Amino acid sequence: MSEWEPERTFPEYEEVPPGHRSGFVAIIGKPNVGKSTLLNAYLGTKISIVSPKPQTTRHRILGVLTRPDAQVIFMDTPGIHRPFHKLGEYMVAVARETIPDADVIVFLVDASQWPDDEDRMIADLLKEKAGDKPVILALNKIDLLRSDREGHLAAYRALAPTPPEAEPPFPWEEVQISAVRGDHLDLLLERIIAHLPEGPRYYDPDMLTDQPLQMIVAELIREKALLLLREEVPHGIAVEITDWVDRNPNLTYIAATIYVEKETHKPIVIGEGGQMLKRIGAVARQEIEALLGHSVYLELWVKVRKNWRRDPEQLRRLGYVLPRGRKGRR
């Protein structure tokens, strides 16, 4: 069975050592603080797409890290922000609904910037919904912090619900990291595992994610569009896999449709003489082939779905449905 299959859960036949820890870890933060980068770094492969544009992650992405002493089930979430349409409301709801499902919460912030209203909004949300769950304040991008280091750190520490002298479970623990460089990720992981309850493995040790392979491929295509297109277009893009045929063991045919919200966006995605669409397809195909381990024939189409981000029915059709709590958890 493929590592991408979400059904292989509860391998209760497998012995785990005494003291084995397992549980769910919510990675919470505003857009562009590095949540997906952190997840990918721990798993050693790209499970969640990454781009410099905010609100890249739209779904809850589950990533499973299994080691002899622990199974850590990360839940990467969309950035929490003030939404302006139904898609934004869905994304914020996904992140909010992940908090009660978590055993540990990693509140990820961009320490190279001063905290803003969104950071404070998330801190207030955690104070309201986290209860006595352990919260780890992960100060990311510490390598980019050039000046007034202590001032930045103090400003983020002030978001915690109680002063540093308080007894556990508060104040929030603090770890300074760089998800890109890998600084102190081992320390953050050890602190996460220390807070997880003792328990069995909830997922097969070979499993990395609950995301279907076709969804991962669709997201890779969207990632390349985010990276290559002009600022006004990417947030109105969705990608749907419309055909997938394994023609032989060494070749897969994939057809995908890129949806845009406005007629004026369609020629931008296609480009003069189809050049932009070819560029998106070429860079996406390279990564898809690396993922599948064989050649891919990728065919892309562009269609207009007016204002799909504001239409609940179109959102559901494109797969934006709230997850049903802890998948596989008893």
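Residues numbered from 1 in each chain as written. Predicted model: local features only at pLDDT ≥ 70, side-chain atom pairs only at ≥ 80, totals over all residues. Heavy atoms only, no water.

**Q** Honestly, the overall build of the protein chain in this entry has me stumped. Any pointers?
**A** A count of helices and strands for the protein chain gives nine helices and nine strands. Put simply, 73% of the contacts in the protein chain that link residues at least 6 apart link residues at least 24 apart. Accessible surface computed for the protein chain: about 15100 Å², of which carbon and sulfur atoms make up 50%. (Helix = DSSP H or I, 4+ residues; strand = E, 2+ residues; numbered from the N terminus. Contact = heavy atoms within 4.5 Å. Areas by Shrake-Rupley, 256 points an atom, 1.4 Å probe, with all protein chains shown as cover.)

**Q** Explanation requested: the sheet that holds strand E3 (residues 70-76) in the structure shown.
**A** Sheet strands pair via backbone hydrogen bonds, and the direction of the pair is either parallel or antiparallel. What the six strands build is an open sheet, ordered E2-E3-E1-E4-E5-E6; its pairing is mixed. The outermost strands of the open sheet, each flanked by one partner alone, are strand E2 (61-67) and strand E6 (173-176). Going across the sheet, the axis of each strand differs from the next one's by a mean of 25°, ignoring polarity. Pairing geometry for strand E5 (residues 135-140) and E6, over four bridges, is parallel. By the bridge assignment for E6, leucine 137 is matched with glutamate 174. Along the sheet face, helix H3 (residues 117-129) touches strand E1 (21-28), strand E4 (104-110) and E5 and points at about 170° away from the line of E4. On the sheet, helix H5 (residues 185-195) packs against E1, E2, E3, E4, E5 and E6 and is oriented at approximately 105° with respect to E3. (Pairing = 2+ DSSP bridges. Axes fitted to C-alpha atoms, helices over the stretch in contact; angles between N-to-C directions.)

**Q** Can you help me understand the pattern of salt bridges in this one?
**A** Where charged atoms of side chains with opposite charge meet at close range, the side chains can pair. Enumeration according to the criterion identifies 18 salt bridges in this entry. Here aspartate 183 and arginine 181 are joined by a salt bridge, their closest N and O atoms 2.5 Å apart. Since its relative accessible area comes to 57%, arginine 181 is described here as exposed. Residue lysine 224 is joined to glutamate 287 by a salt bridge in which the shortest nitrogen-to-oxygen separation is 2.6 Å. One end of the pair, lysine 224, is in helix H6 (residues 213-228); the other, glutamate 287, is in helix H8 (residues 275-292), and 63 residues separate them in sequence. (Salt bridge = Lys/Arg side-chain N within 4 Å of Asp/Glu carboxyl O. Buried < 20%, exposed > 50% of the residue type's maximum accessible area, 1.4 Å probe, protein only.)

**Q** Please clarify how the confidence of the model for the protein chain should be interpreted in this entry.
**A** Predicted coordinates in regions of low pLDDT should not be interpreted in detail. When the pLDDT values of the protein chain are averaged, the result is 83; 84% of them are 70 or greater. This model gives residues 1-13 a pLDDT under 50, and the stretch forms 35 contacts once residues within four places in sequence are excluded. (pLDDT = per-residue confidence, 0-100.)

**Q** It is not clear to me how the side chain of threonine 209 should be interpreted in this structure. Could you clarify?
**A** Along the polypeptide, threonine 209 turns up in the loop between H5 and H6. Take threonine 209: its relative accessible area is 0%, and that puts it in the buried class. For threonine 209, the side chain forms a polar contact with the main-chain oxygen of leucine 62, separated by 2.7 Å. (Polar contact = N/O pair within 3.5 Å; in protein donor to acceptor, adjacent residues only side chain to side chain.)

**Q** Help me understand the pairing of E3 in this model?
**A** A regular strand places its side chains so that they alternate between the two faces of the sheet. Across the seven residues that make up E3, a large majority, seven, are buried. Side chains of E3 alternate between two faces, with Ala70, Val72, Phe74 and Asp76 and Gln71, Ile73 and Met75 buried alike. Here E1 runs beside E3; their pairing, made up of seven bridges, is parallel. Looking at the pairing, arginine 21 lines up with alanine 70 of E3. Of the strand pairs in this sheet, E2 and E3 are connected by seven bridges, and their pairing is antiparallel. The residue bridging threonine 66 from the neighbouring strand is glutamine 71, located in E3.

**Q** Quick question: what am I supposed to make of the environment of asparagine 40 here?
**A** With respect to the secondary-structure elements, asparagine 40 resides in helix H1 (residues 35-43). Measuring from C-alpha to C-alpha, the distance between asparagine 40 and valine 180 comes to 9.8 Å, with 140 residues separating the pair along the chain.

**Q** What should I look at first to understand unusual backbone geometry in this one?
**A** Backbone geometry follows two general trends: most residues other than glycine have a negative phi, and most peptide bonds adopt the trans configuration. With a phi close to 60°, lysine 141 is a non-glycine residue in the positive phi region. Looking at where lysine 141 falls in the secondary structure, it is placed in the loop between E5 and helix H4 (149-157). A relative accessible area of 22% places lysine 141 in the partly exposed class. Positive phi is not limited to glycine here, since histidine 184 has a value of about 60°. Within the secondary structure, histidine 184 sits in the loop between E6 and H5.

**Q** Quick question: what am I supposed to make of the nonpolar core here?
**A** A general trend in soluble globular proteins is that nonpolar side chains are found buried together. Residues Ile105, Phe107, Leu126, Trp172 and Tyr203 are the most contacted members of the largest nonpolar core, which totals 34 residues. Those elements that place two or more of their residues in this core are E1, E2, E3, helix H2 (86-98), E4, H3, E5 and H4. Counting residues per element, this core draws most heavily on H3, which supplies four residues. Sequence-distant contacts of tryptophan 172, defined by excluding residues within four places in its chain, comprise Phe107, Ala123, Leu126, Lys127, Val135, Leu137, Leu159, Ala160 and Pro161. (Core = buried A, V, L, I, M, F, W, Y, C linked by side-chain atoms within 4.5 Å.)

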